[in-house]
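Fold and contact review
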Amino acid sequence: MPKATIADHFAQTLHLAGVKRIYGVVGDSLNGITDSLRKQGKIDWVHVRNEEAGAFAAGAEAQLTGELAVCAGSCGPGNMHLINGLYDCHRTRVPVLAIAAQIPSAEIGSNYFQETKPEHLFRDCSVYCETISDASQMPRTLDTAIRAATGHRGVAVVSISGDVALRAAENGLARSAASLLPSRPGIHPQPSDLADLAGLLDRSARVTILAGRGCAGAHRQLLELADVLQSPIVHALGGKEHVEYDNVFDVGMTGLIGFSSGYDAMMACDMLLMLGTDFPYRQFYPTKAKVAQIDVRPENLGLRTPIDLGLVGDVGLTIDALLPLLKSGHDGKFLASAREDYAKARKGLDELAQSEPGGILHPQHVARILSEQASDDAVFTCDVGTPVIWAARYLRMNGRRRLLGSFNHGSMANALPQAIGAQKTYPQRQIVSMSGDGGLAMLMGELLTVRQVGLPVKIIVFNNGTLGFVEMEMKVAGLVETGVSLDNPDFAAMARSIGIHGVRVTDPADLEDAMREVLSYPGAALLDAVTARDELSMPPKITLEQMKGFTLYAAKAIISGRGDEIIELGKTNKGLLSQFF
Ligand SMILES: Cc1ncc(C[n+]2csc(CCOP(=O)(O)OP(=O)(O)O)c2C)c(N)n1
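Below or above, wherever it landed, is the structure these notes cover. The numbering scheme is per chain: residues are counted from 1 as the chain's sequence reads. pLDDT decides what is reported in this predicted model: residues at 70 or higher carry local features, side-chain atom pairs at 80 or more are listed and counted, and totals for whole chains, interfaces and linings draw on all residues regardless. Think of the side-chain values as coming from all heavy atoms in the structure, minus any hydrogens and water.

Another aspect to go through is unusual backbone geometry. Of note, the amide linkage connecting methionine 138 to proline 139 takes the cis form, showing an omega dihedral of 5°. Strands are runs of DSSP state E lasting at least 2 residues, helices are runs of H or I lasting at least 4, and numbering of each runs from the N terminus. The topology assignment puts proline 139 in the loop between strand E5 (128–132) and helix H7 (140–152). At asparagine 111, a position not held by glycine, the phi torsion is positive, near 55°. Positive phi, close to 65°, is recorded for glutamine 114, a residue that is not glycine. Examined against the element boundaries, glutamine 114 turns out to sit in the loop between strand E4 (96–102) and helix H6 (118–121).

As structure tokens, this is what we get:
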């Protein structure tokens, strides 16, 4: 029997770590590993058309399951394509291992064909990034990468030359899955810190909670806390899927794409309690309120706004320990008024989510019908651009549905590859990609992946003929829009030509039937929704013309739906918008 190679040990170690598939594109520097995977027959090779999509797909899988997902690229350009997707994984803090193949080991440092330095290139988007240049480093380097990715919830990159992968293995494998994947410890704050926090909360009359993705799994605790404090809960986009549902305390989102009620609840409180959120936009934080923050990452405390108290802890565990220390007695006035504001904001948004039969199809309408018709456990992915706004505002979460995006990294073209990862992970669930026409085109080759791999992904294209979000930003800045127009094909006809069911809708009267046809189709299907180009994600009464004289930030604030009251603030913050996109 031939001796096991390093590549064989890769296949065995990944299997031991529970890895079910690897997303990637092959190349000769990867041949050793792909061949070992083929011979082993336990890990599926998911052949994407661009490695960037492979990284996004792995990130989606890791985010949905919380478990290690893997992508791979061949040497030089092959693994460089991974980088954008890996940045997204890294910023979303999901456990992903990237295998970055390297040129022949003897050629390193000679400016050889396809030579790059992966250990430099990936440094910034990883928690661990090392090269295996000798058989004696295995399996320790790979094992450490796996532990780093899962333990720190981030990206680990292992670079290895093709010839090194084919060398004979020298050492034994990890002894058990448990030794590779130690479970995460629960993090409890110190009792004295909890007492301080309880004191602060008891002394504050108007507490607002800002809840982020760190609230995953803590829905019960969050509601119990809000009930004791009679607090409105504002959610950040990353928290939407974990916070918004079955929640009478929720008053919407704040931020660039949020709505007035969320913004107001943050600004009117005398104490802000941040739970598992790294919401980045500093100008949306109150300046006078006291602030306490709970996060598992100490480096996140006080990162976005000055805080009075920071606790390192899991949100759920911390609230459980905090609740017995709190005195009840907060009256419900602040909450009631925030909820009234929310009802008004919600009504305003809902009024925008319809279109006249025979008239222009509004994207809000498309998003609302999608939400109404999608299954109860659908996984939605939404492209950066206006689809993220429609998803944030019109998708109804229920605790079983999931929503993924590129919420921290902000990359276009995330939705389709994330849908590929989601569908591979959950073959039986309905997976819906809310794609921009620009976003879809950017990684359009992945439509071929969808078809070739046989994934029943549903793709809803918001086809507005423009890079809409940027067009709006340019108009708001008083610039003539440049480089935004998209001369699109009939995406439905294009889908059909490659074996994906395609339906095009232009008349709002046909929307509901078209959506039903696409969502219920047994295989991959695409809805080309030809939507209004000049759709403004802002209150209907304010026109672009009115916004021309405003500063970028003020206009952006209006787009976010917070109305006139913010214009004064905008005057002092000229130019801020440019840093966001
Ligand atoms: C990779 C990348 N390139 C450029 C941008 C800047 N950007 C943000 S949104 C956007 C437009 C997206 O257009 P589209 O997908 O058509 O969606 P729309 O906003 O029109 O709905 C652009 C160019 C980005 N965020 N990511």
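Another aspect to go through is the packing of aromatic side chains. A pair of aromatic rings is counted whenever rings of Phe, Tyr or Trp (Trp by its six-membered ring) have centres within 6.5 Å, and the orientation is called stacked for planes under 30 degrees apart, edge-to-face for over 60 and tilted otherwise. This model, assessed by the stated rule, comprises six aromatic pairs. The interplanar angle of 70° and the centroid separation of 6.3 Å between the aromatic rings of phenylalanine 279 and phenylalanine 284 together place this pair among those described as edge-to-face. Comparing phenylalanine 279 with phenylalanine 284, the two get one shared label, buried. Directly above the aromatic system of tyrosine 426 lies the positively charged group of arginine 429, at a separation of 4.6 Å from the ring centroid. When a residue's accessible area, from a 1.4 Å probe over protein chains only, is under 20% of the maximum for its type it is buried; when over 50% it is exposed; and in between it is partly exposed. Here, a charge over a ring means that NZ of Lys or CZ of Arg falls within 6 Å of the ring centre while also lying within 35 degrees of the ring normal.

Let us look at helix H10 (residues 191–203). Multiply 1.5 Å by the residue count of a helix minus one, and that product is the helix's expected span. The terminal C-alpha atoms of H10 lie 18 Å apart, and with 13 residues this matches the ideal 18 Å at 1.5 Å per residue to within 8%. Listed as buried for H10 are Leu194, Leu197, Ala198, Gly199, Leu200 and Leu201. Any two residues having at least one pair of non-hydrogen atoms within 4.5 Å are treated as being in contact. The elements touched by buried residues of H10 are strand E7 (207–211), helix H11 (219–229), strand E10 (271–275), strand E11 (290–295), strand E12 (309–312) and helix H14 (315–322).

To continue, consider the site of the ligand. As a structural note, the neighbourhood of the ligand is formed by 18 residues, with Thr386, Asp437, Gly438, Gly439 and Gly468 the closest of them. Under this definition, polar contacts are N or O atom pairs within 3.5 Å; protein pairs additionally need one hydrogen-donor-capable and one acceptor-capable atom, and for neighbouring residues in sequence, both atoms have to be side-chain atoms. In the model, a nitrogen atom of the ligand is placed 3.2 Å from a nitrogen or oxygen of the methionine 412 main chain. One of the backbone N or O atoms of glycine 438 is found 2.8 Å from an oxygen atom in the ligand. Coverage of the ligand by the protein amounts to 82% of the 590 Å² it exposes when considered alone. When residues of the shell around the ligand are assigned to their parent elements, the largest contribution, four residues, is made by helix H19 (residues 437–442). Partitioning the shell around the ligand into residue classes produces seven nonpolar, 10 polar and one charged. Whether a residue is near a molecule or strand depends on its heavy atoms: it is near if one of them lies within 4 Å of it. Here the Shrake-Rupley method, with its probe set to 1.4 Å, supplies the accessible areas, and only the displayed protein chains count as covering residues. Each residue gets one of three labels, nonpolar for Ala, Val, Leu, Ile, Met, Phe, Trp, Tyr, Cys and Pro, charged for Asp, Glu, Lys and Arg, and polar for the others, Gly among them.

Pairing between the strands of a sheet comes from backbone hydrogen bonds, and it takes one of two forms, parallel or antiparallel. If DSSP finds at least two bridges between two strands, the strands pair. In spatial order, the strands read E2-E1-E3-E4-E6-E5; together these six strands make up an open sheet with parallel pairing. This sheet does not close on itself; its edge strands, each paired only once, are strand E2 (44–47) and E5. Direction aside, neighbouring strands of the sheet carry axes that sit 25° apart on average. Where strand E1 (residues 21–24) lies against E2, four bridges are found, and the strand directions are parallel. Bridge pairing in E2 places glycine 24 opposite histidine 47. Its contacts with the sheet place helix H5 (residues 83–92) against strand E3 (69–73), E4 and strand E6 (155–161), and it is angled at close to 145° to E6. In this fold helix H18 (residues 415–425) packs onto E1 and E2, with an angle of close to 160° to the strand it touches most, E1. Think of each axis as a best-fit line through the C-alpha atoms, taken over the contacting stretch in the case of a helix, with angles from 0 to 180 degrees between the N-to-C directions.

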